[in-house]
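Breakdown of the fold
Below, each chain spelled out in residue letters.
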Amino acid sequence: MEVLDTAALLTWPLEMLMQGVCANSQLAEVQRLSPSRHLMLEAQGPRFDEPTPDAIAAATAASQETGDYTGLSSVDLDVLALALSTGHTLVTDDYRMQNVCSHLNHPWRGVIQQGVREVRSHALECVGCGGIHLQGDTCTDCGSPLKLRRL
Ligand SMILES: [Zn+2]
């Protein structure tokens, strides 16, 4: 199993997410970014867990040591805490989280995998509500046009 950051949750094909573990707070973040994706993840997505207070404290301490703490959101800290406390590889393109993992010799890898054609570095962002979509010309949530955005 691997701990997946929110970029993976938003962009990976659902079947690649099945073996993943994510933090509960990420589900709320996905709901905000892409309500349609949120519905799919709730129905058939990865496992969602709550990191323990001890794990969050350890992730906080480690990121303070590397100087990355101020750049991390509370969701980022949850993701880091889950990875560090479970020992699972962290999948993230966030250089701050990568840096904390490297500092602790914890395994990590990027979200964008070579050789997997479905994986994208871009997503379609709604100009109206800001929702992230993987296909289409208009937003399925509010009907506004979509524009390409780098993740
Ligand atoms: Zn929209």
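Rules used in this analysis
Residues numbered from 1 in each chain as written. Predicted model: local features only at pLDDT ≥ 70, side-chain atom pairs only at ≥ 80, totals over all residues. Helix = DSSP H or I, 4+ residues; strand = E, 2+ residues; numbered from the N terminus. Rg over C-alpha atoms; globule rule 2.2 N^0.38 Å. Buried ≥ 20, exposed ≤ 12 C-beta atoms within 10 Å, placed from the backbone. Contact = placed C-beta atoms within 7 Å. Core = buried A, V, L, I, M, F, W, Y, C linked by C-beta atoms within 7 Å. Pairing = 2+ DSSP bridges. Axes fitted to C-alpha atoms, helices over the stretch in contact; angles between N-to-C directions. Domains from an automatic or database assignment. Nonpolar A, V, L, I, M, F, W, Y, C, P; charged D, E, K, R; others polar.

Attention now goes to the overall build of the protein. Helix and strand counts for the protein come out as 7 helices and 8 strands. Radius of gyration (C-alpha) of the protein: 15 Å, near the 15 Å computed for a compact globule of 151 residues. The burial tally for the protein puts 37% of its 151 residues in the buried class. Taking all contacts inside the protein whose residues are at least 6 apart in sequence as the whole, residues at least 24 apart take part in 52%.

Turning next to the nonpolar core. By size, the foremost hydrophobic cluster in this structure holds 31 residues, and its most contacted members are Val3 and Leu80. Counting residues per element, this core draws most heavily on helix H6 (residues 74–86), at 7 residues. Look past the residues within four positions of Val3 in its chain and what remains in contact with it is Val21, Cys22, Val79, Leu82, Ala83, Thr86, His88, Leu90 and Val91.

With that settled, the discussion passes to unusual backbone geometry. One non-glycine residue, Asn105, adopts positive backbone phi at about 55°. With respect to the secondary-structure elements, Asn105 resides in the loop between helix H7 (95–103) and strand S5 (108–109).

This brings us to the sheet that holds strand S3 (residues 47–49). Ordered in space as S3-S2-S1-S4-S5, the 5 strands form an open sheet in which the pairing is parallel. A strand with exactly one partner marks an edge of an open sheet, and here the two such strands are S3 and S5. Pairing analysis gives 3 bridges linking strand S2 (residues 20–23) to S3, with the strands arranged parallel. Along S3, the bridge assignment pairs Cys22 with Phe48. Sheet strands in contact with helix H3 (residues 24–33) are S2 and S3, and its direction is about 80° off that of S2.

What follows covers the domain arrangement of the protein. It is common to give the size of an interface as the accessible area lost on bringing the parts into contact. Taken domain by domain, the protein holds domain 1 (2–109) and domain 2 (120–151). Taking only C-alpha atoms, the centre of domain 1 and the centre of domain 2 are 23 Å apart. With 8 residues of domain 1 in contact, the opposing surface of domain 2 contributes 8 residues. For the side of domain 1 that touches domain 2, the secondary structure elements donating two or more residues are helix H1 (6–11) and helix H4 (35–44). For the side of domain 1 that touches domain 2, the class distribution of residues is 4 nonpolar, 3 polar and 1 charged.

With that settled, the discussion passes to the packing of H3 against H4. Running from N to C, H3 and H4 cross one another at 145°; their axes reach a closest spacing of 6 Å. Across from Leu27, Val30 and Gln31 in H3, the residues of H4 making contact are Pro35, Arg37, His38 and Leu41. Split by residue class, the contact of H3 with H4 holds 4 nonpolar, 2 polar and 1 charged.

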